[in-house]
Amino acid sequence: MPENDHVSTHDAPEDVRNADILIYVDGKLVPREQAVVSVYDSGFMLGDGIWEGMRIYDGHIAFMDEHLDRLFEAALYIDLDIGMTRRELVQAVQEVLSANQMQTDAHIRLMVTRGKKRKPFQHPHLSVFGSTIVIIAEHSKPDDSVIEKGIRLHTVPHHRGLPLTQDAKLNSHSKLNCIIALNHAIRAGADEALMLDPFGFVNTTNACNFFIVKRGQVWTSTGDFCMNGITRQKVIDICRKNEIPVFERNFSLVDTYSADEVFLTGTFGAQTPVFEIDGRVIGGRKAGPIFHRIRELYKDMIASEL
């Protein structure tokens, strides 16, 4: 299948302004072409780091407290000293947005690694120079045509593992498990990978949280083996508040193939419909009424935060 036939939950029109953005690297704002880290950096060398993706709407960073909660929780778990307080990180993000004159339709990627190492080995005590903090903000607006095109998923043999291997709740730089799954799905002609949990229940995609709709009910996984998505939780909250039956439960591909609607959630695209799974058409290849209702309620939630 030609590469340009694929769509993604991260599709966005090209914006020429991004060629001249300033990027935050350890306290300095530098032009894009000069934004570099050491080859000895823990993130580059070992994938030893954590990150958050955020969006700005009309001058407001949506759900920033939740994103920072997740970042600091992950840092605590992996014994990473960020080296900045929450307030200092917020100030740094605002500095980047101001320097790039970004008020809306921008995506922020905040990355923290264990920093530059003295030698090229795993031991955290070799990271003697403090953390590395990078903040990239790009002009980026989701391509709404994906709502009409829909996403095609392919179920892959790579699953999201148990917490005793690498907890899927960690938004870590180590994303190889998901990238391998995505490559498998692309080779099968799909757009993204549908990943099962260690027990064979439907779990998540390589990049987004996963929902199905059956007979007016919204189902998503238990959350035990997937990213604790902030948009995922907001959708669950929206359903509960608006009397849309919602269940966090185990379900299989039998339930999924026969779903009336399927959609994905994530910070960038918010909600994205799925029209095909493993060659089976979902919902007649068009976004369904529950999807559209949740999407509108989510927009209202964003607007109420501004």
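Residues numbered from 1 in each chain as written. Predicted model: local features only at pLDDT ≥ 70, side-chain atom pairs only at ≥ 80, totals over all residues. Heavy atoms only, no water.

(A) Spotlight on the nonpolar core. Within the largest apolar cluster, 43 residues are counted, with the highest numbers of intra-cluster contacts made by Leu153, Phe210, Val218, Val262, Phe263, Ile277 and Ile294. By residue number, the principal contributor to this core is helix H9 (residues 289-305), which donates seven residues. In this view, Phe263 contacts Asn209, Phe210, Phe211, Val213, Val218, Val235, Thr272, Pro273, Val274, Phe291 and Ile294; residues no more than four positions away in its chain are not counted. (Core = buried A, V, L, I, M, F, W, Y, C linked by side-chain atoms within 4.5 Å. Buried < 20%, exposed > 50% of the residue type's maximum accessible area, 1.4 Å probe, protein only. Helix = DSSP H or I, 4+ residues; strand = E, 2+ residues; numbered from the N terminus. Contact = heavy atoms within 4.5 Å.)

(B) Seen up close, helix H7 (residues 230-241). The end-to-end C-alpha separation of H7 is 16 Å, in line with the 16 Å expected for twelve residues at 1.5 Å each. The set of residues buried in H7 consists of Ile230, Thr231, Arg232, Lys234, Val235, Ile236, Ile238 and Cys239. A positive backbone phi angle near 55° is found at Glu243, which sits one or two residues after H7. (Expected span 1.5 Å × (residues − 1).)

(C) Region of interest: the pattern of salt bridges. A complete count under the given rule lists 13 salt bridges for this structure. Residue Arg17 is joined to Asp15 by a salt bridge in which the shortest nitrogen-to-oxygen separation is 2.7 Å. Measuring nitrogen to oxygen at the nearest pair gives 2.7 Å for the salt bridge that ties Lys234 to Glu66. Of the two residues, Lys234 sits in helix H7 while Glu66 sits in helix H2 (residues 64-77), which places them 168 residues apart along the sequence. The partly exposed category is assigned to Glu66, whose relative accessible area is 29%. What you see here is one network of salt bridges that share partners, running through Asp65, Asp69 and Arg86. (Salt bridge = Lys/Arg side-chain N within 4 Å of Asp/Glu carboxyl O.)

(D) Here's a closer look at unusual backbone geometry. Although it is not a glycine, Gln101 sits at a positive phi angle of roughly 55°. Residue position: Gln101 is located in the loop between helix H3 (86-99) and strand S5 (106-113). Judged by relative accessible area, Gln101 falls into the exposed class, the value being 69%.

(E) Region of interest: a nonpolar patch on the surface. On the surface, a cluster of nonpolar side chains totalling about 400 Å² of accessible area is made up of Val37, Val39, Tyr40 and Phe44. Secondary-structure assignment places Val39 in the loop between strand S2 (28-31) and helix H1 (42-46). (Patch = residues over 30% accessible without salt bridge, like charges linked within 9 Å, V, L, I, M, F, W, Y side chains within 5 Å. Areas by Shrake-Rupley, 256 points an atom, 1.4 Å probe, with all protein chains shown as cover.)

(F) Quick peek at the layout of surface pockets. Empty space within the largest pocket amounts to approximately 1,200 Å³. Forming the boundary of the largest pocket are 49 residues, of which His10, Trp51, His107, Arg109 and Ala207 lie nearest the centre. Along the lines of polarity and charge, the residues of the lining of the largest pocket split into 16 nonpolar, 22 polar and eleven charged. Taken together, 25 residues form the lining of the second largest pocket, with Tyr57, Pro142, Ala270, Arg295 and Lys299 sitting closest to its centre. Of all elements in the fold, only strand S3 (49-57), helix H4 (146-149), strand S14 (270-277) and H9 reach the threshold of two or more residues within the lining of the second largest pocket. Among the elements that make up the lining of the second largest pocket, the one with the highest residue count is H9 (five residues). In terms of residue class, the lining of the second largest pocket is made up of ten nonpolar, six polar and nine charged. (1 Å grid on protein atoms, 1.4 Å probe; cavity = no way out; pocket = protein on both sides within 12 Å on 5 of 7 lines; lining within 4 Å. Points joined across faces, edges and corners; volume = space filled by probe spheres on them. Nonpolar A, V, L, I, M, F, W, Y, C, P; charged D, E, K, R; others polar.)

(G) Up close: the packing of aromatic side chains. Taken as a whole, this structure holds six aromatic pairs when the rule is applied. Consider the rings of Trp219 and Phe251, whose centres lie 5.9 Å apart with planes at 55°: the pair is tilted. Of this pair, Trp219 sits in strand S11 (residues 217-220) while Phe251 sits in the loop between strand S12 (246-248) and helix H8 (253-257), and the two are 32 residues apart along the sequence. Comparing Trp219 with Phe251 shows no difference in burial state: the two are buried. One cation-aromatic arrangement involves Lys116 over Phe129; the distance from NZ or CZ to the ring centre is 4.5 Å. When the ring centre of Tyr257 is taken as reference, the NZ or CZ atom of Arg280 above it lies at 3.9 Å. (Phe/Tyr/Trp six-rings, centres within 6.5 Å; stacked < 30°, edge-to-face > 60°. Lys NZ or Arg CZ within 6 Å of the ring centre and 35° of its normal.)

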